[in-house]
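Chain by chain, the residues:
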Amino acid sequence: MAGNTVYVQGSYVDVHDNEVVNLTIDKAGTVKVGDGQQAAAQSPTTGSTVSEKLKTDKASELMGKLVAAEVLKEDWQPNGLSGSERGLVARAVCERLDISDTWQVFGQLWGEKPETLRRYFNKALEQKKSLDFQDRLKDISF
């Protein structure tokens, strides 16, 4: 298992940042979250919902650069990023694409609560070690 990829057969419970996430995946590939609600329309390869705001030509070009820099995988998925790094990427992408609802778009995309993602971003701003990652993002010409 690498990065943020979780391989599930049957049920899965994840406890992260004091939040419990219950997932159930049946043999047909239907994902049920929490109390058995079916997850929103999902990408067949990643299991996540990609917002229409991330389906523009400018967004595709930006994603290509982030994939080439090994920050993201295809379909906007993080490539082994910490929570703080995910918060920084979400904010940087939304600033460049003029997306105002950063935390909702990327929270839905990455299966996180918007408040948690925003908290990761705020935490990153307080950490010295985040400065190197911020510089890395600035060096990617997007």
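Everything below is about the structure printed above this text.
For clarity, every value in this text was computed on a predicted model and none was experimentally measured.

The rules behind these values
- Residues numbered from 1 in each chain as written.
- Predicted model: local features only at pLDDT ≥ 70, side-chain atom pairs only at ≥ 80, totals over all residues.
- Heavy atoms only, no water.
- Phe/Tyr/Trp six-rings, centres within 6.5 Å; stacked < 30°, edge-to-face > 60°.
- Helix = DSSP H or I, 4+ residues; strand = E, 2+ residues; numbered from the N terminus.
- Buried < 20%, exposed > 50% of the residue type's maximum accessible area, 1.4 Å probe, protein only.
- Expected span 1.5 Å × (residues − 1).
- Axes fitted to C-alpha atoms, helices over the stretch in contact; angles between N-to-C directions.
- Parallel < 35°, antiparallel > 145°, perpendicular 65-115°, else oblique.
- Contact = heavy atoms within 4.5 Å.
- Nonpolar A, V, L, I, M, F, W, Y, C, P; charged D, E, K, R; others polar.
- Salt bridge = Lys/Arg side-chain N within 4 Å of Asp/Glu carboxyl O.

A.B. asks: So what exactly am I meant to see when it comes to the packing of aromatic side chains here?
C.D. replies: A ring pair, where both rings are aromatic, is described by two values, the distance of the centres and the angle of the planes. If you walk through the whole model with that rule in mind, you get three aromatic pairs. Relative to Trp110, the ring of Phe106 lies with its centre 4.8 Å away and its plane at 55°, an arrangement referred to as tilted. Highlighted residues: Phe106 and Trp110, both in helix H3 (residues 102-110), separated by four residues, approximately one helical turn. Each member of the pair, Phe106 as well as Trp110, carries the same accessibility label: buried.

A.B. asks: Just to check I follow, could you spell out helix H2 (residues 83-97) for this structure?
C.D. replies: At 3.6 residues per turn, the α-helix brings residues three or four places apart onto the same side. Its 15 residues place the ends of H2 21 Å apart at the C-alpha level, agreeing with the 21 Å of an ideal helix rising 1.5 Å per residue. With eleven of its 15 residues buried, H2 lies for the most part within the structure. Looking at H2, one finds that the buried residues are Gly83, Ser84, Arg86, Gly87, Leu88, Val89, Ala90, Ala92, Val93, Cys94 and Leu97. Positive phi appears at Asp98, one or two residues downstream of H2, with a value of about 55°.

A.B. asks: What's the story with the packing of H2 against helix H4 (residues 114-125) in this structure? I'm lost.
C.D. replies: How two helices sit against one another is set out by the angle between their axes and by the gap between those axes. Packing of H2 against H4 brings their axes to within 7 Å, and their N-to-C directions diverge by 100°. If you check the angle between H2 and H4, you find them roughly perpendicular. Contacts between H2 and H4 involve Gly83, Ser84, Arg86, Gly87, Leu88, Ala90 and Arg91 on the former and, on the latter, Leu117, Tyr120, Phe121, Lys123, Ala124 and Leu125. In terms of residue class, the contact of H2 with H4 is built from seven nonpolar, three polar and three charged.

A.B. asks: What is the right way to read the environment of Gly64 from this model?
C.D. replies: Within the secondary structure layout, Gly64 lies in helix H1 (residues 57-68). Overall, Gly64 belongs to the partly exposed group, its relative accessible area being 37%.

A.B. asks: Where do I start with the pattern of salt bridges in this structure?
C.D. replies: Two side chains carrying opposite charge are able to pair once their charged atoms lie near each other. Per the stated rule, a full pass over the model turns up five salt bridges. In this structure, Lys55 engages Glu52 in a salt bridge whose closest nitrogen and oxygen atoms are separated by 3.3 Å. The class for Glu52 is exposed, based on a relative accessible area of 61%. Where Lys65 meets Glu61, a salt bridge forms, and the shortest distance between an N and an O atom there is 3.4 Å. Here Lys65 and its partner Glu61 are both found in helix H1, four residues apart, which amounts to about one turn of the helix. For Lys65, a relative accessible area of 29% gives the class partly exposed.

A.B. asks: Would you mind going over unusual backbone geometry with me for this structure?
C.D. replies: Where the residue is not glycine, phi is negative for most of them; where a peptide bond is considered, it is trans in most cases. Unusually for a residue other than glycine, Asp75 sits at a positive phi of about 60°. Summarising the element assignment, Asp75 is placed in the loop between H1 and H2. One non-glycine residue with positive phi stands out, namely Trp76, at about 70°. With respect to the helices, strands and loops of the structure, Trp76 is situated in the loop between H1 and H2.

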